[in-house]
Amino acid sequence: MSEATEQAGLGDKLAGPLNAIIDKKRSELLPLLAGGAGQATQAALHNDECVRKVATFCYPLLPGLVRLAVKEPVFVNFVMNNRERVLERLVQQAAA
């Protein structure tokens, strides 16, 4: 299996649980982006530490089977590589 295919499969498996965590914990995650929605999204896109905080906060909230299959550094790397999608999801309903 190629690395690109493996990454796509990982993304498919992690997107659902991550979106559920974001929906449930939005009010706790937004302060990690240094101030909430809006301009914080743009700042967070360029601030690896903010995105890393969000990933580190979310990892323990993943279902146990997912945590067994995907170790924290892999999850953090996934979030870092997909930060636009994660942050878009995080602020999409907060702005509404």
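Residues numbered from 1 in each chain as written. Predicted model: local features only at pLDDT ≥ 70, side-chain atom pairs only at ≥ 80, totals over all residues. Heavy atoms only, no water.

Colleague: Mind showing me how you'd approach the packing of aromatic side chains here?
Modeller: For any two aromatic rings, the description comes down to two numbers: the centre-to-centre distance and the angle of the planes. Taken as a whole, this structure holds one aromatic pair when the rule is applied. Ring geometry for Tyr59 against Phe75: centres 5.8 Å apart, planes inclined by 50°, an arrangement best described as tilted. You can see Tyr59 sitting in the loop between helix 3 (48-58) and helix 4 (64-69) and its partner Phe75 sitting in helix 5 (residues 72-81), a full 16 residues away along the chain. (Phe/Tyr/Trp six-rings, centres within 6.5 Å; stacked < 30°, edge-to-face > 60°. Helix = DSSP H or I, 4+ residues; strand = E, 2+ residues; numbered from the N terminus.)

Colleague: Could you clarify how one ought to interpret the packing of helix 3 against helix 5 in this entry?
Modeller: Describing two packed helices takes the angle between their axes plus the distance from one axis to the other. Here helix 3 crosses helix 5 at 130°, and the two axes come no closer than 9 Å. In this view, helix 3 runs oblique relative to helix 5, as classed from their interaxial angle. Taken as a pair, helix 3 and helix 5 cross one another with a handedness that is right-handed. Together, Asp48, Val51, Arg52, Ala55, Thr56 and Cys58 of helix 3 and Glu72, Phe75, Val76, Val79 and Met80 of helix 5 make up the contact between the two elements. Looking at the contact of helix 3 with helix 5 residue by residue, the class counts come to seven nonpolar, one polar and three charged. (Axes fitted to C-alpha atoms, helices over the stretch in contact; angles between N-to-C directions. Parallel < 35°, antiparallel > 145°, perpendicular 65-115°, else oblique. Left-handed = near helix turned anticlockwise from the far one by under 90°. Contact = heavy atoms within 4.5 Å. Nonpolar A, V, L, I, M, F, W, Y, C, P; charged D, E, K, R; others polar.)

Colleague: Could you clarify how one ought to interpret helix 3 in this entry?
Modeller: Every α-helix carries 3.6 residues per turn, so stepping three or four residues along brings you back to the same face. Of the residues making up helix 3, those classed as buried are Cys50, Val51, Val54, Ala55 and Cys58. For helix 3, the angular spread of the buried residues around the axis is 135°, confining them to a single face. (Buried < 20%, exposed > 50% of the residue type's maximum accessible area, 1.4 Å probe, protein only. Arc of directions from axis to C-beta.)

Colleague: Whenever I open this one, the pattern of salt bridges confuses me. Can you help?
Modeller: Pairs may arise between side chains of opposite charge once their charged atoms sit close together. Counted under the stated rule, the structure contains four salt bridges. Here Asp23 ties to Arg26 by a salt bridge, and the two come within 3.4 Å at their closest N and O atoms. Of this pair, Asp23 and Arg26 both sit in helix 1 (residues 3-29), three residues apart, roughly one helical turn. Overlapping salt bridges, with partners in common, bring together Asp23, Arg26 and Arg89 in one network. (Salt bridge = Lys/Arg side-chain N within 4 Å of Asp/Glu carboxyl O.)

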